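Okay, here's what each chain looks like letter by letter:
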Amino acid sequence: MRNQRILVTGGAGFIGSNLANHLATDNDVVALDDGYLGTEANLDDAVEYVEASVLGEELPTDVDVVFHLAALSSYAMHEENPQQGARVNVEGFVNVVEQAVQDGCETVVYASTSSIYGNRTEPSPEDMPVHVNTGYEASKLAREKYAEYYSNFHDITCAGMRFFSVYQGYGGSEEHKGEYANVIAQFADDMADGEAPVLYGDGTQTRDFTHVDDIVRGLELAADEQLDGIYNLGTGESYTFNALVDMLNTELGTDIEPEYVENPIPEDVYVHDTMADNTKMRDATGWEPQISFEEGIEEVCAQYQ
């Protein structure tokens, strides 16, 4: 992508800042963020920062491409305040896309979630039945339906990217997320400090851990190819939390046993296992993950060496 004017909502957050910084090399990039889950310190000088809410008026949507990543992005945030979760994740999406359409933008790429697949130890294709057990999942599925409406009624492309467990580590832009950062970042930081990582249940739950650099490449390709519809961004491989701890011990040179605690999230809503089927994205764009899990763990731990 070159010589485009681009808006990234949630642009000072974890994934948003990585995307904005990457695109700013060859494009005019505006990062919009309200500062709740993001910080301007994540952004390079080449990125224009606008502190505003996605619920606001007169947003900087006079652009060629909108990447809508702004969201309240966890189960806990939505259960604490379901009304606010719906306002930000659903109304905020509609508000941004509506203003973009009015300004003539024809390409939207937005963040959905793999959580709506539920527990899956087999690869999850985009066309399988999905369901929601939490307000967070409901808000992301609502985004997908509104995107379908905008694509059909307004003749723009809206690509919904279902992310699978995105990580980078505290050496990147995750540190400001604290308790909401990926477990890889949290476990690595605890273990580097000699503390036991806290695992829910028995540690056999699995995740398709996907490095943020691969996510950024997928988002850019989705815009370049003007994709429409729903696409998975995940590696197609999964690892247990126990295996993750073992790999972190090896890379950090530690020998720390995890602490197992009762899962505070109800079992009927907790997503125990995830794995992407990335065939659709690969066929559409040629995208494949380039950073292996071993390489990603090395990168996460490098700051502690």
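Look above for the structure.
Residues numbered from 1 in each chain as written. Predicted model: local features only at pLDDT ≥ 70, side-chain atom pairs only at ≥ 80, totals over all residues. Heavy atoms only, no water.

Looking at the side chain of T61
Structurally, the position occupied by T61 is in the loop between β3 (48–51) and β4 (65–68). The exposure class assigned to T61 is buried, which follows from its relative accessible area of 0%. Only 3.4 Å separates the side chain of T61 from the backbone oxygen of Q99, close enough to count as a polar contact. Each residue touching T61, except ones within four places of it in the same chain, is listed here: L7, V96, Q99, A100, D103 and C105. (Helix = DSSP H or I, 4+ residues; strand = E, 2+ residues; numbered from the N terminus. Buried < 20%, exposed > 50% of the residue type's maximum accessible area, 1.4 Å probe, protein only. Polar contact = N/O pair within 3.5 Å; in protein donor to acceptor, adjacent residues only side chain to side chain. Contact = heavy atoms within 4.5 Å.)

Section: helix α1 (residues 14–23)
Along α1, 9 of the 10 residues are buried, which leaves the element largely enclosed by surrounding structure. Where α1 is concerned, the buried positions are F14, I15, G16, S17, N18, L19, A20, N21 and L23. Looking at the packing, one finds that the buried side of α1 touches β1 (5–9), β2 (28–33), β4, β6 (157–163), β7 (166–167) and α6 (212–224).

What about the sheet that holds β4?
The parallel open sheet is built from 7 strands, whose spatial order is β3-β2-β1-β4-β5-β6-β11. Each edge of the open sheet carries a strand with a single partner, namely β3 and β11 (229–233). On average, each strand axis in the sheet is inclined to that of its neighbour by 20 degrees, with strand direction left out of account. Two elements, β6 and β11, share 5 bridges in a ladder whose sense is parallel. Looking at the pairing, F163 lines up with L233 of β11. Strands in contact with α1 are β1, β2, β4 and β6; relative to β1, the strand with the most contacts, it is inclined by about 165 degrees. On the sheet, α6 packs against β4, β5 (107–113), β6 and β11 and is oriented at approximately 165 degrees with respect to β6. (Pairing = 2+ DSSP bridges. Axes fitted to C-alpha atoms, helices over the stretch in contact; angles between N-to-C directions.)

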